[in-house]
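A closer look at the structure
Each chain is listed here by its residues.
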Amino acid sequence: MRTYLDHAATTPLLDCAREAMVAALAHTGNASSLHAAGRAARRRVEESRETIAAALGVTPSEVIFTAGGTEADNLAVKGLWWARTAQDPTRRRVLASRIEHHAVLDPVHWLGEHEGAEVVWLDVDAEGRVDVEQVRAELAAHPGQTALVAVMWANNEVGTVQPITEVAAACAQAGVPLHVDGVQAVGSIPVDAALPATLAISAHKLGGPVGVGALVARRGLELTPLTHGGGQERQVRSGTLDVPAIVGFAAAAERVLGDVVARSAGTAALRDELFGRVLEIAPDSIVNGAVGGLDARLPGNAHVSFPGCESDALLMLLDSAGVEVSMGSACSAGVPEPSHVLLAMGIDPVRARSSLRFSLGHTSTRADVDALVAALPAALARAGRAGQVRISAQMAAAARDGG
Ligand code: PLP
């Protein structure tokens, strides 16, 4: 029996999504074809679009299907930049929070390096929350020169929920489109999808299949396409639509978005139990991120630093004990790098590299928490020893080198 505590990476496919997909896989038909099989495929796509739009409270024409969250984020960031700078070449500023997922962070960096964007990175506080005053001040200081603002709804590492209502109001007042990465938030907490200009969603984070998602883009909003071809999705996104994946996405979204608040309460209670029991085992451990209800932190997110332990060693030890968790730091070419999110929160690199993320979801039970609590003491003891050995080796090497 293995224990899965990595729902923020991907959450198991819901039965309703699997059943809908299996049924759809039995049918042939390109949704762009004009014959009966094509029209049937198109009908399944449009019914799915209506289901997702209704679950989100937007109109179906505002849902643009993509091949996942990363593509939706790229389409919004680059698509808004190109459309807005084409309208007015003096709009060269991009405001983005320092804690964005790489799906937003990297296209923003790319615009700075290759397109001459003037990027302003928005700071966060010690809990990982964007300062709305900074957004207002930046927009007011350079009226008319901002191409777009990007702030995620909730952070994928520490689970902090951002003040999106206030950020959206500031952007609306300045007439600047706001892109929100809603990949972790949608399905976890109540989200008003009509607030931002664009909202990225990913099916596999809410119980649908991997490799499909959507960009919710307000009607009339201009976006320059990233890919060119058949123009299947509002002339903004080309490529033959993956009908079974879209059908599975719709089934999951309908199920999950229908009872977000009720489900979240149970998940948050289990997460708080996890926090309490981990702190009992490791009294010197430190909780990272915001404390509070659904407007402060994602209900399934627990992020903890274990001083004296390296997160990669802890992860492997827990894995060998059957408990699957995630490192609280990014891994670059096999080397654990301190996470940009934790660094932006002012956490020092050593503590950042000693952090783990435990994330709960729709299959999580108290037995999962029990399994973690059973495996953690031995893992902490061994990872702590490994950490000491590593530090002694580094000190010996430094002494040898005359350092
Ligand atoms: N944005 C956030 C906040 C995420 O957590 C992820 C996935 O981890 C993505 C974007 C990328 O989504 P996808 O895996 O569908 O490409």
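For the structure given in this document, a descriptive report is provided here. Since we're looking at a predicted model, the values are computed, not measured.

This part is about the overall build of the protein. Each helix and strand counted, the protein has 12 helices and 15 strands in total. Relative to the 2.2 N^0.38 estimate, which gives 22 Å for 403 residues, the radius of gyration of the protein is 22 Å and therefore close to what a compact globule would have. Here the protein holds 403 residues, and 54% of them are scored as buried. Considering only contacts within the protein whose residues lie at least 6 apart along the sequence, 73% involve residues at least 24 apart. Working note: accessible area of the protein is about 16,800 Å², and carbon and sulfur atoms make up 55% of it. Here the protein carries 33 positive and 44 negative side-chain charges, and the mean point of each set is 3 Å from the other.

Of all hydrophobic cores here, the largest spans 69 residues; its most connected members are L56, F65, W153, L199 and F249. Tallying contributions element by element places helix α7 (residues 243-258) first for this core, with 11 residues. Core analysis: the next-biggest nonpolar cluster, separate from the first, contains 29 residues, A313, L314, V325 and L372 among them.

Our next topic: the packing of aromatic side chains. Within the structure shown, the criterion is met by 3 aromatic pairs. Relative to F249, the ring of F65 lies with its centre 6.2 Å away and its plane at 70°, an arrangement referred to as edge-to-face. Pair noted here: F65 is in strand β2 (residues 63-66) and F249 is in helix α7, with a separation of 184 residues, a long-range link. With respect to burial, F65 and F249 carry one shared label: buried. Lying over the aromatic face of W110, K78 brings its terminal NZ or CZ to 4.7 Å of the ring centre.

Taken in spatial order, the 4 strands of this open sheet run β9-β10-β15-β12, and their pairing is antiparallel. Two strands close off the open sheet at either side, each with one partner strand: β9 (286-287) and β12 (326-327). As judged from the 5 bridges shared by strand β10 (residues 301-305) and strand β15 (residues 355-359), these two strands associate in the antiparallel manner. Paired with V304 across the bridge in β15 is L356. Along the sheet, helix α9 (residues 311-320) contacts β12 and β15; its crossing angle with β15, the most-contacted strand, is approximately 40°.

In the vicinity of the ligand lie 13 residues, with G69, T70, D181, S202 and K205 positioned nearest. Contact between the ligand and S202: an oxygen atom at 2.6 Å from a side-chain N or O atom of the residue. A distance of 2.6 Å is found between an oxygen atom of the ligand and a side-chain nitrogen or oxygen belonging to K205. Its free accessible area being 390 Å², the ligand has 85% of it covered by the protein chains. Element by element, the count of residues in the shell around the ligand is highest for helix α3 (residues 69-87), at 3 residues. Residue composition of the shell around the ligand, by class: 2 nonpolar, 8 polar and 3 charged.

As a packed pair, helix α2 (residues 36-56) and α7 sit with axes 9 Å apart at the nearest point and diverge in direction by 25°. Taken together, α2 and α7 sit at an angle that is classed as roughly parallel. As α2 runs across α7, the sense of the crossing is left-handed. In contact with A41, R44, V45, S48, T51, I52, A55 and L56 of α2, α7 contributes V243, I246, V247, F249, A250, A253, E254 and L257.

Here we take up α3. With 19 residues, α3 extends 27 Å between its outermost C-alpha atoms, agreeing within 8% with the 27 Å of an ideal straight helix rising 1.5 Å per residue. Taking burial as the measure, the 19 residues of α3 include 14 buried ones, the bulk of the element.

The contact between α3 and helix α4 (residues 102-114) brings their axes to 8 Å, and the two run at 30°. Considering the angle they form, α3 stands roughly parallel to α4. When the axes of α3 and α4 are compared, the crossing they make is right-handed. Between α3, through T70, D73, N74, V77, K78, W81 and W82, and α4, the contact on the second element is made entirely by A103, V104, P107, V108, W110 and L111. When the residues that make up the contact of α3 with α4 are grouped by side-chain class, the tally is 9 nonpolar, 2 polar and 2 charged.

What follows covers helix α6 (residues 164-174). Burial in α6 covers these residues: I164, V167, A168, A170 and C171. Along the long axis of α6, the arc covered by the buried residues comes to 160°, so they all point the same way. The exposed residues of α6 that point more than 90 degrees off its buried face are A172 and Q173. Just past α6, the residue G175 takes up positive phi, approximately 70°.

Among the 5 residues of strand β5 (residues 146-150), 5 are classified as buried, and the element is accordingly described as predominantly covered. Pairing of strand β3 (residues 93-97) with β5, which is carried by 4 bridges, proceeds in the parallel orientation. Pairing of A96 across the sheet is with A150, part of β5. Pairing of β5 with strand β6 (residues 178-181) involves 2 bridges; the strand directions are parallel. Paired with A150 across the strands is H179, a residue of β6. Each parallel crossover has a hand, and for β5 linked through α6 to β6 it is right-handed.

Definitions and limits used
- Residues numbered from 1 in each chain as written.
- Predicted model: local features only at pLDDT ≥ 70, side-chain atom pairs only at ≥ 80, totals over all residues.
- Heavy atoms only, no water.
- Helix = DSSP H or I, 4+ residues; strand = E, 2+ residues; numbered from the N terminus.
- Rg over C-alpha atoms; globule rule 2.2 N^0.38 Å.
- Buried < 20%, exposed > 50% of the residue type's maximum accessible area, 1.4 Å probe, protein only.
- Contact = heavy atoms within 4.5 Å.
- Areas by Shrake-Rupley, 256 points an atom, 1.4 Å probe, with all protein chains shown as cover.
- Lys, Arg positive; Asp, Glu negative; His and termini not counted.
- Charge placed at Lys NZ, Arg CZ, Asp CG, Glu CD.
- Core = buried A, V, L, I, M, F, W, Y, C linked by side-chain atoms within 4.5 Å.
- Phe/Tyr/Trp six-rings, centres within 6.5 Å; stacked < 30°, edge-to-face > 60°.
- Lys NZ or Arg CZ within 6 Å of the ring centre and 35° of its normal.
- Pairing = 2+ DSSP bridges.
- Axes fitted to C-alpha atoms, helices over the stretch in contact; angles between N-to-C directions.
- Near = heavy atom within 4 Å.
- Polar contact = N/O pair within 3.5 Å; in protein donor to acceptor, adjacent residues only side chain to side chain.
- Nonpolar A, V, L, I, M, F, W, Y, C, P; charged D, E, K, R; others polar.
- Parallel < 35°, antiparallel > 145°, perpendicular 65-115°, else oblique.
- Left-handed = near helix turned anticlockwise from the far one by under 90°.
- Expected span 1.5 Å × (residues − 1).
- Arc of directions from axis to C-beta.
- Right-handed = clockwise from strand over helix to strand, strands pointing away.

This is a description of form; function is not addressed.
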